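Chain by chain, the residues run as shown.
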Amino acid sequence: MRKLLRTFAAATTVAMLATACADAPEDTDEPTEETTDDGASEEDEGTEEETEEPTEEAAADFLACQVTDTGGVDDRSFNQTAYAGLERAEDELGAEIAVLESQSDSDYAPFINQFVSDGCDIIVTVGFLLDGATQTAAQENPEQPFAIIDVDFAEFDDEGNFVGDVTYDNVRELTFQTDQAAFLAGYLAASQTESGKIGTFGGINIPPVTIFMDGMLAGIRYYNQQNDASVELLGWDGTDGSFINNFDSQDDARNTTDQLIANGADIVMPVAGPAGLGTVAAAQDANAGGSNVQVIWVDTDGRTSVPDAADIFLTSVQKNMDLAVFESIQQELEGGIQAGLYVGTLENGGVGIPEDTLTDELQTIKDGIIAGEISVDPADYS
């Protein structure tokens, strides 16, 4: 079995070549294919039935590769969740895996090209910021399969106006309607806040970040509508908000969280990858001083990824990238990826909140979202 590669960029040598985070779909319609209980689509299952199971020898010769964003595979959030899909492919399918961890955006293209040269059977690129480098590599290497997280390829004119969707026969675009899960978290937070104020902030102002914040805002507004309440969301109003402009600085996240707490927030949701650990530290310090601040984690279950602070998490907005990555690898191993757009939703298990925080009331709301009876657009509750 090929060992895990952890290659880091170095400015002094080419030899080493060596957050959080797809455009949200234009609407919130669910994918048309029916899904199974484990989140795999009927189409996915059909592929399994129509192709032969790979032999152990074939799987051992299959190399699945991943290029991370700058957080790395131990960021306790975005990249780590995606990498878990590779680890599952190694454990369950017998595939070989390799990873290159980007230290800056200058690593994206060289790392992707390195993996093309290495003969990877599929290359998974993690995050919206790898859009351009992945598109270029896909165009230049039409026989090389890719999967990219948080990107729905699109074409824009010179003035930035949307022209249309772009698809490649060799790329599977893995996107997630995290606003659906964040809506549940927002409703829960609104029902639990003692101060009547909830805070949020993002790493960078990009769609895969703001979609979490939109869902949170919509859930709070829906709670207010249903309960004649006036809970506020600090840090995002649907068009503008608070961003630390990186996914790395825990100090920036901590300072922003301190400001939110000072302004009355007793529940805070950072959408900032590993920088969000600064929020955890700020909340712990506030609580040591007599406050009662809780945190909503994103991408993965915070109680699992940050176990030393498990008691501080109210819930988590889970983006199950590990499932989507695993299914993409499995598809390629069994005959070829299903190129084009994948959308993870509440219905197919692509997004969610931990089951033990899903109350009966939230289950009813979840069912309403899946049925299209409850909107997750904050503008519908303004």
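Being a predicted model, the structure only gives us computed values, none of them experimental.

When helices and strands are tallied, the protein chain shows twelve helices and 15 strands. Approximately 16,000 Å² of the protein chain is accessible, and the part contributed by carbon and sulfur atoms is 41%.

Let us look at the side chain of Q135. Residue placement: Q135 occurs in helix α5 (residues 131-140). Judged by relative accessible area, Q135 falls into the buried class, the value being 16%.

Here we take up helix α3 (residues 78-93). The periodicity of an α-helix, 3.6 residues per turn, causes residues three or four places apart in sequence to face the same way. The end-to-end C-alpha distance of α3 is 23 Å, a good match for the 22 Å that 16 residues give at a rise of 1.5 Å each. Looking only at α3, the buried set comprises F78, N79, T81, A82, Y83, G85, L86, A89 and L93. Phi turns positive one or two residues past the end of α3, at G94, with a value near 80 degrees.

The geometry of helix α6 (residues 178-192) relative to helix α12 (residues 360-370) is characterised by a closest axis approach of 10 Å and an angle of 150 degrees between their N-to-C directions. In this view, α6 runs roughly antiparallel relative to α12, as classed from their interaxial angle. As for how α6 packs across α12, the hand of that crossing is right-handed. Residues Q180, F183, L184, Y187 and L188 of α6 lie in contact with α12, whose contacting residues are E361, L362, I365, K366 and I369. Partitioned by chemical class, the residues of the contact of α6 with α12 number seven nonpolar, one polar and two charged.

The next subject is the packing of α6 against helix α7 (residues 207-227). Look at α6 against α7: their axes get within 6 Å of each other, and the N-to-C directions meet at 45 degrees. Between α6 and α7, the angle is such that the two are oblique. α7 is crossed by α6, and the crossing has right-handed handedness. Contact with α6, carried on its side by T178, D179, A182, F183, A185, G186, Y187, A190 and S191, involves I211, F212, G215, M216, A218, G219, I220, Y222, Y223, Q226 and N227 of α7 and no other residues of that element. Split by residue class, the contact of α6 with α7 holds twelve nonpolar, seven polar and one charged.

In regions of low pLDDT, the predicted coordinates are not meant to be interpreted in detail. Chain-level statistics for the protein chain give a pLDDT mean of 87 and a share of 84% at 70 or above. Below a pLDDT of 50 lies the segment residues 1-51, which in the model reaches 113 contacts outside its immediate sequence neighbourhood of four places, other chains included.

Turning our eyes to something else, we now look at the sheet that holds strand β15 (residues 351-352). Read across the sheet, six strands follow the order β10-β9-β11-β12-β13-β15 without closing on themselves; strand pairing throughout is mixed. The sheet is open, and its two borders are formed by β10 (232-234) and β15, each paired with just one other strand. Taken together, the five bridges between strand β9 (residues 197-202) and strand β11 (residues 267-271) define a ladder with parallel strand orientation. Among the inter-strand pairings, F201 is bridged to a residue of β11, identified as P270. α6 contacts β9, β11, β12 (294-299), β13 (313-319) and β15 of the sheet and is inclined by roughly 170 degrees relative to β13. Its contacts with the sheet place helix α8 (residues 250-262) against β9, β10 and β11, and it is angled at close to 155 degrees to β9.

You can see R88 is positioned in helix α3. Sequence separation between R88 and I329 is 241 residues; the distance between their C-alpha atoms is 9.9 Å. If we skip the residues at most four places from it in the chain, R88 touches L93, L323 and F326.

Let us now look at the pairing of strand β14 (residues 340-344). Two faces belong to every sheet, and in a regular strand the side chains alternate between them. A large share of β14 lies buried, amounting to four of its five residues. By the bridge criterion, five bridges tie strand β8 (residues 171-176) to β14 in an arrangement that is parallel. Opposite R172, over in β14, you have G340 as the bridge partner.

Here D131 lies in helix α5. A polar contact is formed between the side chain of D131 and the side chain of Q135, at a distance of 2.9 Å. Look past the residues within four positions of D131 in its chain and what remains in contact with it is I148, V151 and F153.

This model, assessed by the stated rule, comprises six salt bridges. As a salt-bridge pair, D308 and R76 come within 3.8 Å of each other at their nearest N and O atoms. Of this pair, D308 sits in the loop between α10 (302-305) and β13 while R76 sits in the loop between β2 (63-68) and α3, placing them 232 residues apart in sequence. A relative accessible area of 61% means that D308 is categorised as exposed. When its relative accessible area of 31% is taken as the criterion, R76 is described as partly exposed. With a closest N to O distance of 3.1 Å, R88 and E92 form a salt bridge.

About the thresholds
- Residues numbered from 1 in each chain as written.
- Predicted model: local features only at pLDDT ≥ 70, side-chain atom pairs only at ≥ 80, totals over all residues.
- Heavy atoms only, no water.
- Helix = DSSP H or I, 4+ residues; strand = E, 2+ residues; numbered from the N terminus.
- Areas by Shrake-Rupley, 256 points an atom, 1.4 Å probe, with all protein chains shown as cover.
- Buried < 20%, exposed > 50% of the residue type's maximum accessible area, 1.4 Å probe, protein only.
- Expected span 1.5 Å × (residues − 1).
- Axes fitted to C-alpha atoms, helices over the stretch in contact; angles between N-to-C directions.
- Parallel < 35°, antiparallel > 145°, perpendicular 65-115°, else oblique.
- Left-handed = near helix turned anticlockwise from the far one by under 90°.
- Contact = heavy atoms within 4.5 Å.
- Nonpolar A, V, L, I, M, F, W, Y, C, P; charged D, E, K, R; others polar.
- pLDDT = per-residue confidence, 0-100.
- Pairing = 2+ DSSP bridges.
- Polar contact = N/O pair within 3.5 Å; in protein donor to acceptor, adjacent residues only side chain to side chain.
- Salt bridge = Lys/Arg side-chain N within 4 Å of Asp/Glu carboxyl O.

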